[in-house]
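Each chain, letter by letter, is given below.
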Amino acid sequence: KVIEDFSAENKRIEYHRQKVNIGAIKNFQFLSDHAKGEYFILVADDDEIDPPFIEKMLTGLLENPECVIAITGFDASDLYSQGYTGKEFVQHLQKLPHPDRYQRMMNYAAQPDYHGKARILWGLIKTDVFQECYKKTLEPVAHKKDLTFAELPVEFKILDYGNLFVVPENLFHVYLLPSSLGLQEGRLFAK
């Protein structure tokens, strides 16, 4: 309802809702096909962003032309299990960027998934880079029903294209709910 109201007032906003759950890879394809602006961002309906989220990432990209994607720190809270209140990942994400392409990709490959590297794709990225990286990594396997951690090859390819800018503030909040498909991933965060 909120999105429908915004899109009625602002024709730059397009609202699409799949009739059935088509899975992550086909949703990436759909988004890639429909992205029109210079920059692209992915946010799920159960995540929250703080007001300066986009502004700080865009500033980082504009001030660092060698960067093709920007992310902020984030925290994840598993609202399903008691005893786990949340975890922050910015200290791990800050270890990923590097001016040398090989070292940047090695930093990414060597970092465990539970340090949050799988959230890079949830940053602000140049649309043409997102489309090209999707095309080269996930389009060939789009016929698969589901792939665990499907975003990892896309992120690896993005880091091949250019550097990553990390805003050192937690401006993105992931909430793992009983209905969240990322619940198993969230349990990895807690370990």
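Residues numbered from 1 in each chain as written. Predicted model: local features only at pLDDT ≥ 70, side-chain atom pairs only at ≥ 80, totals over all residues. Heavy atoms only, no water.

## Some thoughts on the pattern of salt bridges
Within this structure, the stated rule accounts for eight salt bridges. Among the salt bridges present, the one from Lys 1 reaches Asp 5, with a minimum N-O distance of 3.0 Å. The salt bridge involving Lys 117 is made with Asp 113; its shortest N-O contact spans 3.8 Å. Given a relative accessible area of 25%, Asp 113 falls into the partly exposed group. One connected set of salt bridges, linked through shared partners, spans Arg 101, Lys 157 and Asp 160. (Salt bridge = Lys/Arg side-chain N within 4 Å of Asp/Glu carboxyl O. Buried < 20%, exposed > 50% of the residue type's maximum accessible area, 1.4 Å probe, protein only.)

## With respect to the packing of helix α5 (residues 101-110) against helix α7 (residues 151-161)
As a packed pair, α5 and α7 sit with axes 9 Å apart at the nearest point and diverge in direction by 160 degrees. Our classification of the angle between α5 and α7 gives roughly antiparallel. For the pair α5 and α7, the sense of crossing is right-handed. Side by side, α5 and α7 meet where Arg 101, Arg 104, Met 105, Tyr 108 and Ala 109 of the first sit next to Leu 152, Glu 155, Phe 156, Leu 159 and Asp 160 of the second. In terms of residue class, the contact of α5 with α7 is made up of six nonpolar, no polar and four charged. (Axes fitted to C-alpha atoms, helices over the stretch in contact; angles between N-to-C directions. Helix = DSSP H or I, 4+ residues; strand = E, 2+ residues; numbered from the N terminus. Parallel < 35°, antiparallel > 145°, perpendicular 65-115°, else oblique. Left-handed = near helix turned anticlockwise from the far one by under 90°. Contact = heavy atoms within 4.5 Å. Nonpolar A, V, L, I, M, F, W, Y, C, P; charged D, E, K, R; others polar.)

## Let's talk about the packing of aromatic side chains
Going through the model one piece at a time under the given rule, you end up with five aromatic pairs. Judged by centre distance (4.4 Å) and plane angle (15 degrees), the rings of Phe 74 and Phe 89 are stacked. On the criterion of sequence distance, the pair formed by Phe 74 in strand β3 (residues 67-78) and Phe 89 in the loop between β4 (87-88) and α4 (90-93) is long-range, its members being 15 residues apart. Of the two residues examined, Phe 74 and Phe 89, each falls in the buried class. Considering the side-chain rings of Tyr 108 and Phe 156, the 5.9 Å spacing of their centres and the 45 degrees angle between planes classify their relative orientation as tilted. Taken as a pair, Tyr 108 in helix α5 and Phe 156 in helix α7 lie far apart in primary sequence, 48 residues in all. Phe 156 sits in the partly exposed class, given a relative accessible area of 31%. Following the ring pairs from residue to residue traces out a cluster consisting of Phe 53, Trp 122 and Phe 172. Seen from the ring of Tyr 108, Lys 117 lies directly overhead, with NZ or CZ sitting 4.5 Å from the centre. (Phe/Tyr/Trp six-rings, centres within 6.5 Å; stacked < 30°, edge-to-face > 60°. Lys NZ or Arg CZ within 6 Å of the ring centre and 35° of its normal.)

## What to know about the environment of Pro 99
You can see Pro 99 is positioned in the loop between α4 and α5. Sequence spacing of Pro 99 and Leu 164 is 65 residues, and the spatial spacing of their C-alpha atoms is 9.1 Å. Those residues in contact with Pro 99, other than ones at most four positions away along the chain, are Arg 104 and Asn 163.

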